[in-house]
Amino acid sequence: MRPPRLSDAGLLNMYASDARVARNSRSLPHPMPPGATEAFVARALKPETREKVWILDGSAHGLSEVLGVISLKPLDRDQCEVAFWVAPSFWGTGLARTALKALVEANPMGAKTLFAEIFQDNQASARVVTAAGFDYIGDAETYSVARGAQVPTWTYLRKL
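Here we summarise the structure given alongside this text. (Residues numbered from 1 in each chain as written. Predicted model: local features only at pLDDT ≥ 70, side-chain atom pairs only at ≥ 80, totals over all residues. Heavy atoms only, no water.)

With respect to the pattern of salt bridges
Taken as a whole and judged by the stated rule, the model has 11 salt bridges. Two residues, Arg26 and Glu117, come together in a salt bridge whose shortest N-O distance is 2.8 Å. Residue Arg26 is located in the loop between α2 (19-23) and α3 (36-45), and its partner Glu117 is located in strand β4 (residues 113-119); the two are separated by 91 residues in the primary sequence. Across the pair Asp121 and Arg147 runs a salt bridge whose closest N-O atoms are separated by 2.9 Å. In this pair, Asp121 sits in the loop between β4 and α5 (123-131) while Arg147 sits in the loop between β5 (135-144) and β6 (149-159), placing the two residues 26 residues apart along the sequence. (Salt bridge = Lys/Arg side-chain N within 4 Å of Asp/Glu carboxyl O. Helix = DSSP H or I, 4+ residues; strand = E, 2+ residues; numbered from the N terminus.)

Structure (structure tokens):
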């Protein structure tokens, strides 16, 4: 994992433009509008941005420089929400699980509690968060930009 770079925009756009990735995200539009990925990277690089973003970089293992994204969004009372996505060609490889476990162990924002919200039709991501020690705490729903609809979610919590 590493901070984003401006040069990541092309690969980020390619993967985030995939309907399968966008469908499992609250905020990714589909189709991806021109300039949206560049704006995302620019926001992530601003020092005053509260949400911290890391790129899952596989170049040390002979893979692409961008395999996915993981982020932490601070909430109140020393809590953060974690979100992640992985390029479809790397689904099922353990990449998301490894990245999330590393993020939990590092706890770069000093959170006492982490939350994750997973769409109920995305059981693979639910397995990722439970493997990282998150516990299910209830159902909710949230709006998905790509789906243009409210989507049922499972909420998970991890005390640190």
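Details of the packing of helix α4 (residues 95-106) against α5
A packed helix pair is summarised by two numbers, namely the angle formed by the two axes and the spacing between the axes. In contact at an axis separation of 9 Å, α4 and α5 are set at 35 degrees when each is read in the N-to-C sense. In the packing of α4 onto α5, the handedness of the crossing is right-handed. Between α4 and α5, the residues in contact are Ala96, Arg97, Leu100 and Lys101 and Arg127, Val128, Val129 and Ala131, respectively. (Axes fitted to C-alpha atoms, helices over the stretch in contact; angles between N-to-C directions. Left-handed = near helix turned anticlockwise from the far one by under 90°. Contact = heavy atoms within 4.5 Å.)

A look at the sheet that holds strand β2 (residues 68-74)
Strand order in the open sheet made by the six strands is β1-β2-β3-β4-β6-β5, with mixed pairing throughout. In this open sheet, the two strands that pair with only one neighbour each are β1 (52-56) and β5. Within the sheet, the average angular offset between the axes of one strand and its neighbour, ignoring direction, is 25 degrees. With five bridges connecting them, β1 and β2 associate as antiparallel partners. Its bridge partner being in β2, Val53 is matched across the sheet by Ser71. (Pairing = 2+ DSSP bridges.)

Topic: the side chain of Ser64
Position of Ser64 relative to the elements: it lies in the loop between β1 and β2. From its side chain, Ser64 meets the backbone oxygen of Val66 in a polar contact 3.0 Å long. Among residues more than four places away in sequence, those in contact with Ser64 are Leu11, Tyr15, Asp57, Gly58 and Ser59. (Polar contact = N/O pair within 3.5 Å; in protein donor to acceptor, adjacent residues only side chain to side chain.)

Structural measurements only, silent on function.
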